[in-house]
Amino acid sequence: MHIIVNTSSMVPIYEQIMDQVKTAVIVGELKEGAGLPSVRGLSKELKISALTVKKAYDNLEQEGFTVTVHGKGTFVAAVNPELLQEEHRKEVEADLEKVIQKARGCGMTEEEICSLFEIIMEG
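Residues numbered from 1 in each chain as written. Predicted model: local features only at pLDDT ≥ 70, side-chain atom pairs only at ≥ 80, totals over all residues. Heavy atoms only, no water.

Draft legend 1. Structural view of the packing of helix α1 (residues 13-26) against helix α3 (residues 50-62). Between α1 and α3, whose axes approach to 8 Å, the crossing angle comes to 45°. By the criterion of interaxial angle, the relationship of α1 to α3 is oblique. At the point where α1 passes α3, the crossing takes the right-handed sense. On α3, the residues that touch Ile13, Tyr14, Ile17, Met18, Val21 and Lys22 of α1 are Thr52, Val53, Lys55, Ala56, Asn59 and Leu60. In terms of residue class, the contact of α1 with α3 is made up of eight nonpolar, two polar and two charged. (Axes fitted to C-alpha atoms, helices over the stretch in contact; angles between N-to-C directions. Helix = DSSP H or I, 4+ residues; strand = E, 2+ residues; numbered from the N terminus. Parallel < 35°, antiparallel > 145°, perpendicular 65-115°, else oblique. Left-handed = near helix turned anticlockwise from the far one by under 90°. Contact = heavy atoms within 4.5 Å. Nonpolar A, V, L, I, M, F, W, Y, C, P; charged D, E, K, R; others polar.)

Written out as structure tokens, the structure is:
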């Protein structure tokens, strides 16, 4: 797995790492039991603080995507299908939110947005 960070992005680096790992798990690029790079190794590779990587890994573990074995490393956890479905929903919700903001920015009314959504759903 190759992680890329954009230091000029408004998204914090630890979130960029988390998003890329989650996506890799969701699409099946990272399977259950697959090892993630070590905190030190990834921080060196990306030229970022080890604390940033650790924060990403800790959050991934807290969300149920990874499990850390002391002295062994961080591995992809057995992912609950409901957790994956919830992550997909979050992504769709975020995408829809962006679209709605763009539509409002273009001056569209709520009725026009709903009408357009219904037309697209029918097609």
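Draft legend 2. Fine view of helix α2 (residues 39-46). Three or more residues of α2 are buried, namely Leu42, Ser43 and Leu46. Along the long axis of α2, the arc covered by the buried residues comes to 100°, so they all point the same way. Away from the buried face of α2 by more than 90 degrees, exposed residues Arg40 and Lys44 are located. In this structure, the buried side of α2 is in contact with α1 and α3. The positive-phi residue at the C-terminal boundary of α2 is lysine 47, with phi of around 60°. (Buried < 20%, exposed > 50% of the residue type's maximum accessible area, 1.4 Å probe, protein only. Arc of directions from axis to C-beta.)

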